[in-house]
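# Examination of the molecular architecture
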Amino acid sequence: MSIDVHAHFWTDAYLDMVAALGKTDTAAQRGIGAGDGAELDARLAMMDRAGVEMQVLSASPQLPHGRDETAAADAARYVNDQYAGLAARHPGRFAAFASLPLPHLDASLAELGRALDDLGMAGVAMTTTILNQPLVDSPAAQLFAELDRRGTVLFLHPAGNAACTPLIAEHHGTWSVGAPVEDTISALHLITHGIPSRYPRMKILNSHLGGALPMLIRRMDNQLPWEAPETPEKASVAARRMWYDTVGHGHPPALRCAADSFGADRLVLGTDFPYETGAVFERAVSYITTSGLAAAEADRVLSVNAEALFGRLDP
């Protein structure tokens, strides 16, 4: 079946909770089709038109990250319960990544166990930076060992902070350019820190075709040996240990570049709903089969690879 691994769902009540934690951009997620009720009905109809049987939902980038540990833990529990309830109401249509109350390590470990063991969630979502700190340097990195022990999927999504540079934020590029730059920088950090090889059972899923990584991977192979000599393996080898969603805004050359760079077996369908909706959502699915990939490769991207990544996603 076709499984969309990059899709979002928010209710106003949850967005109010993360706004109280300090998120300043929740207005952008309200009323755009990613909520419950009539918006959910319209989403399901659109999924049917596009041939998407299941979506794996995440709350990113509106994750419950904040300095107030109690409020962050309450918001994480609230949204995880909300997602589990949604999946139960619509068997076979939705699974979800767990949200964690980062940067609070003990609370995050507790919620991780509850979400995976009690709620049966499909993995864990994190942003590429945690309160503007690189993921690999943040307390979240201390969760990698537990995710590896469990063989869990870790879905990484940009935080929407323009890679912490005014060169992007102050020039109208936070999401058009900044988000894939965040993906690229995060992948670089993972590679130079040796995360994919140190935690081989943790299945890292990067957003947006890995940002610019497909175009830069040979350059990294050539230059990291002298620029980052502590990197434990070639960038191209480390990159092949990870997974990438196909959110490329229907641009065939980008999809082909990622498939050529990583192998089509490392790509999984993503739509970035609700930011790609209506006809654009349908194109996010159909371009997998019209971009020049071999038919067998396209079939892997649409369904087979997600099953290899997650195992069986029970309704």
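So, a few notes on the structure that sits alongside this text. Keep in mind the model is a prediction, meaning the values are calculated, not measured. (Residues numbered from 1 in each chain as written. Predicted model: local features only at pLDDT ≥ 70, side-chain atom pairs only at ≥ 80, totals over all residues. Heavy atoms only, no water.)

This brings us to the environment of Val52. Mapping Val52 onto the fold places it in the loop between helix H2 (38-50) and strand S2 (54-58). Sequence separation between Val52 and His193 is 141 residues; the distance between their C-alpha atoms is 36 Å. When sequence neighbours within four positions are dropped, the list of residues in contact with Val52 reads Ser2, Asp4, Met47, Arg93, Leu269, Phe281 and Val285. (Helix = DSSP H or I, 4+ residues; strand = E, 2+ residues; numbered from the N terminus. Contact = heavy atoms within 4.5 Å.)

Below, the discussion takes up the pairing of strand S7 (residues 153-157). Burial within S7 is extensive, with 5 of its 5 residues counted as buried. Neither face of S7 is open: one carries Val153, Phe155 and His157, the other Leu154 and Leu156, and all of them are buried. Note: strand S4 (residues 123-127) against S7, 5 bridges, orientation parallel. Directly across from Val124, in S7, lies its bridge partner Leu154. (Buried < 20%, exposed > 50% of the residue type's maximum accessible area, 1.4 Å probe, protein only. Pairing = 2+ DSSP bridges.)

Let us look at helix H7 (residues 178-192). Between its first and last C-alpha, H7 extends 21 Å over 15 residues, near the 21 Å set by a 1.5 Å rise per residue. Among the residues of H7, those classed as buried are Gly178, Ala179, Glu182, Asp183, Thr184, Ser186, Ala187, Leu190, Ile191 and Thr192. Within two residues after H7, Gly194 carries a phi angle of roughly 70°, on the positive side. (Expected span 1.5 Å × (residues − 1).)

Within the fold, Ser291 resides in the loop between helix H12 (279-290) and helix H13 (295-310). A polar atom in the side chain of Ser291 sits 2.4 Å from the backbone oxygen of Tyr287. (Polar contact = N/O pair within 3.5 Å; in protein donor to acceptor, adjacent residues only side chain to side chain.)

With that settled, consider the nonpolar core. Of all hydrophobic cores here, the largest spans 95 residues; its most connected members are Met126, Leu205, Leu213 and Phe310. Apart from residues lying up to four places away in sequence, Phe310 is in contact with Val5, Val56, Phe97, Ala122 and Val153. (Core = buried A, V, L, I, M, F, W, Y, C linked by side-chain atoms within 4.5 Å.)

This part takes up the packing of H2 against H12. Contact geometry for H2 and H12: axes closest at 9 Å, N-to-C directions at 35°. The way H2 lies across H12 gives a crossing that is right-handed. In this structure, H2 contributes Met46, Met47, Arg49 and Ala50 to the contact, and H12 contributes Phe281, Glu282 and Val285. When its residues are assigned to classes, the contact of H2 with H12 shows 5 nonpolar, no polar and 2 charged. (Axes fitted to C-alpha atoms, helices over the stretch in contact; angles between N-to-C directions. Left-handed = near helix turned anticlockwise from the far one by under 90°. Nonpolar A, V, L, I, M, F, W, Y, C, P; charged D, E, K, R; others polar.)

Moving on: the side chain of Asp148. As for its placement among the helices and strands, Asp148 is situated in helix H5 (residues 144-150). One buried charged residue, Asp148, remains without a salt bridge, the closest side chain of opposite sign being Arg201 at 5.6 Å. Within the structure, the side chain of Asp148 is placed 3.1 Å from the backbone nitrogen of Met202, a separation counted as a polar contact. Sequence-distant contacts of Asp148, that is, excluding residues within four places in its chain, are made with Tyr199, Pro200, Arg201 and Met202. (Lys, Arg positive; Asp, Glu negative; His and termini not counted. Salt bridge = Lys/Arg side-chain N within 4 Å of Asp/Glu carboxyl O.)

With that out of the way, let us pick up the packing of aromatic side chains. For any two aromatic rings, the description comes down to two numbers: the centre-to-centre distance and the angle of the planes. Tallying each qualifying case throughout the model produces 7 aromatic pairs. Geometrically, the ring pair formed by Phe9 and Tyr83 is edge-to-face, given 5.9 Å between the ring centres and 70° between the ring planes. Pair noted here: Phe9 is in the loop between strand S1 (3-8) and helix H1 (12-20) and Tyr83 is in helix H3 (residues 69-89), with a separation of 74 residues, a long-range link. Residue Phe9 shares its accessibility class with Tyr83, and that shared class is buried. Ring geometry for Phe97 against Phe155: centres 5.0 Å apart, planes inclined by 15°, an arrangement best described as stacked. In this pair, Phe97 is assigned in strand S3 (residues 94-98) and Phe155 in strand S7, connecting sequence segments 58 residues apart. Accessibility classification places Phe97 together with Phe155 in one group, the buried group. In textbook terms, an aromatic cluster arises when at least three aromatic residues are bridged by ring pairs, as seen for Phe97, Phe155 and Phe310. (Phe/Tyr/Trp six-rings, centres within 6.5 Å; stacked < 30°, edge-to-face > 60°.)

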